[in-house]
Every structure is written in structure tokens, then in C-alpha cells.
Amino acid sequence: MDYSNKIAQQVAAVPRSGIRDFFELVQGRDDVISLGVGEPDFQTPWNIREAAIYSLEKGHTSYTSNLGLLHLRKLISGYVNDFFKVDYKAESEVLVTVGVSEAIDLALRALLNPGDEVIYHEPCYVSYCPSIAMAYGEAVSVPTFKKDGFSLKADALEKVITSKSRVLMLNFPTNPTGAIISNDDLQEIAELCVKHDLMVISDEIYSELRYDDPNHTSIASLAGMQERTILLHGFSKAFAMTGFRLGYACAPQPIIEAMMKIHQYSMLCAPITSQAAAIEALLNGATSVLEMKKSYHRRRDFMVKRLNEMGLDCHNPGGAFYVFPEISKFGLTSQEFAMRLLEFTNVAAVPGNAFGECGEGFLRCCYATSMEEIVIAMDRMERFVSSLESPV
């Protein structure tokens, strides 16, 4: 059977993830050091795992409210108030989701009519553009640049706003660049959102993982922005709970109600075992988060220093656990550089163009792996760079 006319057009047009495609090539290779997939190398802290085990032993295996366990939502509300300085009602303004990925999908589908434009900054996480397309929106990218630390600038944003613009998607700290945004830039962007009546979907999953300046500001906390912002966060990165697949959305009640309708008929609820683990994470996980963050900080400093010393110009990222060195001077595309690096050194990193056109000429290296492997990977990469022909 010819299935070409059986698949929905908006799905057929979506490309496969550049990250996953690249790492399928890694499978089966021996002695590969992966600087690729953005997943903490730490195991979930034992007390959090134990809470999940205990919930199963107690027979807590039922559905929960579509919104999530009220106890968890109250803890999320308190955490968001303390950390992000934004107050949400646990009963009606917090939705527990299956990871932030589901929350992004729900937010887009709740807000968009076909043809509405969604603005996002590149380089960006690989799912943003496809998620917009699958919600029948039109994706509009704004490039960011190394000279600005890959931060989004208000003047660049304003240039792409049209009468069809409906949503701005933000992600700071950013995957793949580790970029953070200054309060001044964020304030200017907030003013534009009010001026042009834009809703904001703010993915702040890496917000605890900031280094030189640990003070994170959410756009939702700025004047006039809580009413027009969907704040997305979760447990995967800072708490090393990727496999638990648990995130949450905080927003005004009518928005949460709209998102909950979609969640109700598609996912029903997040797994109760994961919710039990998240309760323990919020009650007693802070020390583990700080310990992991200290380790990431040391790894970042080491990797940035080594990359710059070997001739790969690399800005110092303010957050997340990625560095984004520039490789364009060697006359290779990011895909060619990554493939040769893998072939000759067994070091896997992601080509920058997987994160949008303006990621071309860069390489994403993730330092959420052990320091011992990072040292070996940097030694191998240095030998590889030394072997390349003279820069063009």
C-alpha cells in the first residue's frame, strides 16, 4: 500500500529529530564518549527513588485528578512562588504533565488557531518548530548570535512581529547554547509582548542550573506578564528525573482549563508513581540539586577552557549543561565536523544545524557526563582539531 497519502500532511512535513538521527549512528560503536543527549549522568537521588518505590509498595497505582495530585500542586505552587516569585493557585492554575514536552504541546494547542504565528529564538531545542507545525501554527524564528551570548534582543524580535503573531516561545537558560538573558533584555521583551498582545510560553526547565549569576528571573514575574504567560517547568534536569517524565504548567485559570481539556482526553493524568517521587523531590531534594549543580559548574569551566585552548572559539554559557563552540573556521559544515569527530575519535557531539539554520557552524557538547570522560573526550578532540587542515 502507498501510505504517502495516508499520513496527515502536517505530520509528514515534520523532520525527524537531528539529535536522534545523529545518535542512531553511534549505536553499536565501541568506546564512544557521548557529549550529546541532554540528560544528567547522575542517578535520581536515592530518597526520590525510594519515594517512588514506597508509593508502589503502598499500592498507589490509581489515576489521579487530571490536574495532578493536589498535594503535589500545592508544593509546586509554593516552589514556584519561592523560586520564580510568581503566585499561582494550586487548585486551578497548576497542571501536572507528562514532562515539559507534553506541556509545550498542550500550551500550543490551547492557544493556536490554524495559521497563527509563533515566534521563537534560534538556535533552539529541536521540538519547538515541529510542535508549532503539529498544532497548525506558523513557526517564525528569530536568530540569536554568539556576540550577544545567544540572548534574544528586543529589536530583533520586533522586526518579525506581524498582525498574525500570537505567541512568543522563550527558553532561558537555553538548549543548545546555555544562553541566559539579562533582566534589561527580558523587560524590553515583556514590553513588546504587552504592546503587541502576545501570549508567552516560557520553558524554564534549566532555571536552577545557572552558574556565574544564579539569580533567575522569569518573564512571568514582570509587571503585566503573569496574565499572559504560561510558565513551564519540571523535574527532568535539575532533579535528574528524566525517566519519570514529569513536568508542569502554571498559568491563569482559563488557560490551564483549556490545556487540561486536551490533557484529559489524550493523556488523562501523569503517572501517580512519578508524582509521588516529585513530592519527595520538592520536599527534600534541594541539597542534591545544589551538589549536582556544583559538579556541572566545574565541568563547564573545564570544557570551555579546553575548547578555547584547542582553537574552538567557545562563549562561556551562563546556564543549562551545554557548550556551543564555533567550528566554521575549519571549512567544514557542522554535520561534517561532527561526523569526522565521531569517525576518527569516537567522540559524539551534535551538529549545530540540528537546532536551526543559525546553529550552522557550531557544535553542541553536553557536559552532563562524568569529568573522567570529559577529560578523555577533550584530549581526543584536541588531537582531532590539530589534525585538521589549516583554517580557510
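To be clear, the structure that these remarks concern was listed above.
Residues numbered from 1 in each chain as written. Predicted model: local features only at pLDDT ≥ 70, side-chain atom pairs only at ≥ 80, totals over all residues. Heavy atoms only, no water.

Novice: I'd like a description of the nonpolar core, backed by residues and values.
Specialist: Counting residues in each nonpolar core, the largest one holds 68 residues, and the members touching the most others are M169, I230, F337 and M381. In terms of residues, this core owes the most to one element, helix α5 (residues 99–111), which gives 7 residues. Residues contacting I230, with those up to four places away along its chain left out, are A107, L111, V200, I201, S202, A249, C250, A251, I255 and M259. Counting residues in each nonpolar core, the second largest holds 30 residues, with V98, A238, A270 and V289 among its members. (Core = buried A, V, L, I, M, F, W, Y, C linked by side-chain atoms within 4.5 Å. Buried < 20%, exposed > 50% of the residue type's maximum accessible area, 1.4 Å probe, protein only. Helix = DSSP H or I, 4+ residues; strand = E, 2+ residues; numbered from the N terminus. Contact = heavy atoms within 4.5 Å.)

Novice: Give a detailed account of the packing of aromatic side chains, specifying residues and quantitative values.
Specialist: Any two aromatic rings considered together are summarised by their centre-to-centre distance and by the angle between their planes. Counted according to the given criterion, the structure contains 16 aromatic pairs. Ring geometry for Y125 against Y128: centres 5.9 Å apart, planes inclined by 80°, an arrangement best described as edge-to-face. Seen in terms of ring centroids, F337 and F384 are 5.2 Å apart; in terms of plane orientation they differ by 85°. Their pairing is edge-to-face. Taken together, the residues F337 in helix α12 (residues 334–345) and F384 in helix α13 (residues 371–387) connect sequence positions 47 residues apart. Of the residues examined, F337 reaches a relative accessible area of 0% and is grouped as buried. One aromatic cluster in this structure is built from F42, Y206, Y296, F321 and Y322. (Phe/Tyr/Trp six-rings, centres within 6.5 Å; stacked < 30°, edge-to-face > 60°.)

Novice: Talk me through the sheet that holds strand β2 (residues 94–97); I want residue IDs and the actual numbers.
Specialist: Across the sheet, 7 strands lie side by side as β2-β8-β7-β6-β5-β3-β4; this open sheet has mixed pairing. At either margin of the open sheet sits one strand with a lone partner, and together these are β2 and β4 (138–143). Sheet twist, expressed as the mean angle between neighbouring strand axes with direction ignored, is 20°. By the bridge criterion, 4 bridges tie strand β6 (residues 199–203) to strand β7 (residues 229–234) in an arrangement that is parallel. The residue bridging D203 from the neighbouring strand is L232, located in β7. On top of the sheet, helix α9 (residues 253–266) reaches β2, β6, β7 and β8 (247–250); it is set at about 25° to β2, its chief contact. (Pairing = 2+ DSSP bridges. Axes fitted to C-alpha atoms, helices over the stretch in contact; angles between N-to-C directions.)

That is the geometry; function is a separate question.
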